[in-house]
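The residues making up each chain are set out below.
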Amino acid sequence: MWYQSVRASDEVTAVKSESRKQRYVRKEGSCDVVFRHVPEEWLLFVTDIFTTLVEIRWRVMFLIFALSYILSWLFFGIVFWVIALANGDVQDPKTAPCVYEVRSFTAAFLFSLETQTTIGYGTRGMSENCAVAIVAVTIQDVVSCFIDTFVIGIAVAKMASARKRAQTVGFSSCAVINLRDGHLCLSWRVGDFRRHHLVEGTARAQIVRSTVHATGKVDVTYEDLLLQQPDIVLVTPTTLCHRIRAGSPLYGMSPAQLRHSDLEVVVSFTYTDDSTGTLHQTRTSYTPEDILWGHVFQEMIRAGRRRYTVDYFLFNQTAKVLLPELSAEAYQLNKRPSPRSRRPNDVRPAGEGDQKRPIMLAPPDAIRPEMSC
């Protein structure tokens, strides 16, 4: 077998310079779709406020985290200052105060902060003279517990987000088409980049076509690709394979037709992380520019004496192999022996009667060897 080692990114970049297609799903897995004029959009975000806050960016989360505490301290500081004004603690220091050592707005703000954070320096404290102040402190304690639970829960949910875990399970930057067991196959790689986290999941692939009409209407169609082994245990990087045979959307496509087609292969891997038990999904897409005809992935797993070694430097590298520039349908037709290729002595001559003669087939050197990857 003849092959030449190349980088997949080099050929992909060269082909992309010739044509570029708008992706339906980006390489990192996000959908290149923008929603507009959603009915009651803001109401939907407010109704599901927890999910909305989990999906926002970290800098916005830190701002909300700080403002939730500062505004609550400020609000209850104003409440205690108004109580002190109504009770006359600010005008007459000799009166029995509602809150000890609170005779200004600054002191009221510090008392609110100390109450909510349970600091308790010992100079400011509640008295039994004002029931309103006691009710305000009780409400502030309840609000403080609610804020702590809400903010900490959102922070933990963001750190344990499925999107972050999905970034550690990735696909190869390109897909390849080569021969496997006498059939043309479309293949790509998936691997888990974390150590000591074995996951089991199901892979899926679809061909997405988007047709834009002259009127501006866009039709999006989906066709499933049958995978040979969709259920895998992702211990080491695995090559997923779709055999291009009758019934496959790629069966009648030659390399030239594939390069000029508008299809997009969207692949996904849905799995459960055994450390958290959370369901995750990683996805990407391959346009015709990302599909390399006549390439195979280089071997990246080596068996040692005690353990297997996986070299992720070779995760996206491919090697060129000899492959006919034919569609899978034409390739299968060329493999079938033609009746005209038989020699005259292959047919039993007339007049032999019941005498049986062995049928002589073409010699082995007349059969074209079958290429494999």
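Keep in mind that this is a model prediction, so the values were computed, not measured. (Residues numbered from 1 in each chain as written. Predicted model: local features only at pLDDT ≥ 70, side-chain atom pairs only at ≥ 80, totals over all residues. Heavy atoms only, no water.)

**Comments concerning the packing of aromatic side chains**
Turning to step 1, where the next piece is worked out: Scanning the entire structure with this criterion turns up 12 aromatic pairs.
Turning to step 2, where the next piece is worked out: Ring plane angle 75° and centroid distance 5.2 Å describe the contact between Phe193 and Tyr312, whose orientation is recorded as edge-to-face. One end of the pair, Phe193, is in the loop between strand S6 (183-192) and strand S7 (199-212); the other, Tyr312, is in the loop between strand S16 (308-310) and strand S17 (317-321), and 119 residues separate them in sequence.
Turning to step 3, where the next piece is worked out: Ring geometry for Phe269 against Tyr271: centres 5.2 Å apart, planes inclined by 25°, an arrangement best described as stacked. There is no split in this pair, since Phe269 and Tyr271 are both buried.
Turning to step 4, where the next piece is worked out: By the ring-pair criterion, three or more aromatic residues cluster together here, those being Phe65, Tyr69 and Trp73. (Phe/Tyr/Trp six-rings, centres within 6.5 Å; stacked < 30°, edge-to-face > 60°. Helix = DSSP H or I, 4+ residues; strand = E, 2+ residues; numbered from the N terminus. Buried < 20%, exposed > 50% of the residue type's maximum accessible area, 1.4 Å probe, protein only.)

**Side note on helix H6 (residues 131-159)**
Turning to step 1, where the next piece is worked out: If you check H6, its first and last C-alpha atoms are 42 Å apart, about what 29 residues at 1.5 Å a residue would give, namely 42 Å.
Turning to step 2, where the next piece is worked out: Buried residues of H6: Ala133, Ala136, Val137, Gln140, Ser144, Ile147, Val151, Ile154 and Lys158, and no others. (Expected span 1.5 Å × (residues − 1).)

**With respect to the state of the cysteines**
Disulfide: a covalent bond connecting the sulfur atoms of a pair of cysteines.
Turning to step 1, where the next piece is worked out: According to the stated counting rule, one finds 1 disulfide in the structure shown.
Turning to step 2, where the next piece is worked out: In this model, Cys98 is linked to Cys130 through a disulfide, with the two sulfur atoms separated by 1.6 Å. The S-S bond linking Cys98 to Cys130 shows a torsion near -50°; that makes this disulfide left-handed. Here Cys98, found in the loop between helix H4 (58-87) and strand S2 (99-100), pairs with Cys130, found in the loop between strand S3 (125-126) and H6; they are 32 residues apart in sequence, far enough to count as distant. As far as burial versus exposure is concerned, Cys98 and Cys130 are alike and both buried.
Turning to step 3, where the next piece is worked out: You can see Cys185 has no disulfide; the closest cysteine sulfur is in Cys241, sitting 3.6 Å from it.
Turning to step 4, where the next piece is worked out: For Cys185, a relative accessible area of 0% corresponds to the buried category. (Disulfide = S-S within 2.5 Å.)

**Examining the pairing of strand S9 (residues 231-234)**
Turning to step 1, where the next piece is worked out: Burial along S9 is one-sided: the face carrying Ile232 and Leu234 is buried and the face carrying Asp231 and Val233 is not.
Turning to step 2, where the next piece is worked out: With 4 bridges connecting them, S7 and S9 associate as antiparallel partners. Paired with Glu200 across the strands is Val233, a residue of S9. (Pairing = 2+ DSSP bridges.)

**Some words on the packing of H4 against helix H5 (residues 105-117)**
Turning to step 1, where the next piece is worked out: For the pair H4 and H5, the least separation of the axes is 8 Å and the interaxial angle reads 125°. Classified by the interaxial angle, the pair formed by H4 and H5 is oblique. By crossing handedness, the relation of H4 to H5 is classed as right-handed. Two secondary-structure elements touch here, H4 through Tyr69, Ser72, Trp73, Leu74, Phe76, Gly77, Ile78, Phe80 and Trp81 and H5 through Phe105, Ala108, Phe109, Phe111, Ser112, Leu113, Gln116 and Thr117.
Turning to step 2, where the next piece is worked out: Residue classes in the contact of H4 with H5 are distributed as 12 nonpolar, 5 polar and no charged. (Axes fitted to C-alpha atoms, helices over the stretch in contact; angles between N-to-C directions. Parallel < 35°, antiparallel > 145°, perpendicular 65-115°, else oblique. Left-handed = near helix turned anticlockwise from the far one by under 90°. Contact = heavy atoms within 4.5 Å. Nonpolar A, V, L, I, M, F, W, Y, C, P; charged D, E, K, R; others polar.)

**Topic: the nonpolar core**
Turning to step 1, where the next piece is worked out: Ranked by size, the top nonpolar core spans 34 residues in total, and within it Leu186, Trp188, Val265 and Phe269 carry the most contacts.
Turning to step 2, where the next piece is worked out: Listing elements by their share of this core, those giving two or more residues are strand S4 (169-171), strand S5 (175-180), S6, S7, S9, strand S11 (263-273), strand S13 (291-293) and helix H9 (328-335).
Turning to step 3, where the next piece is worked out: When residues of this core are assigned to their parent elements, the largest contribution, 5 residues, is made by S11.
Turning to step 4, where the next piece is worked out: Counting residues in hydrophobic clusters, the runner-up holds 12 residues, among them Phe80, Val102, Ala133 and Ala136. (Core = buried A, V, L, I, M, F, W, Y, C linked by side-chain atoms within 4.5 Å.)

**As for a nonpolar patch on the surface**
Turning to step 1, where the next piece is worked out: Together, Leu63, Leu67, Leu71, Leu74, Ile78, Trp81, Val82, Leu85, Val90 and Phe105 give the surface a local cluster of nonpolar side chains, amounting to about 780 Å² of exposed area.
Turning to step 2, where the next piece is worked out: Considering every element that reaches the nonpolar patch, the biggest residue donor is H4, with 8 residues.
Turning to step 3, where the next piece is worked out: Residue position: Leu74 is located in helix H4. (Patch = residues over 30% accessible without salt bridge, like charges linked within 9 Å, V, L, I, M, F, W, Y side chains within 5 Å. Areas by Shrake-Rupley, 256 points an atom, 1.4 Å probe, with all protein chains shown as cover. Salt bridge = Lys/Arg side-chain N within 4 Å of Asp/Glu carboxyl O.)

**Let's talk about unusual backbone geometry**
Turning to step 1, where the next piece is worked out: The phi angle at Thr118 is positive, at roughly 55°, despite the residue not being glycine.
Turning to step 2, where the next piece is worked out: Here Thr118 is to be found in the loop between H5 and S3.
Turning to step 3, where the next piece is worked out: The class for Thr118 is exposed, based on a relative accessible area of 68%.
Turning to step 4, where the next piece is worked out: At Asp181, a position not held by glycine, the phi torsion is positive, near 55°.
Turning to step 5, where the next piece is worked out: In this fold, Asp181 is placed in the loop between S5 and S6.
Turning to step 6, where the next piece is worked out: The class for Asp181 is exposed, based on a relative accessible area of 68%.

Scope: geometric values only; no functional claims are made or implied.
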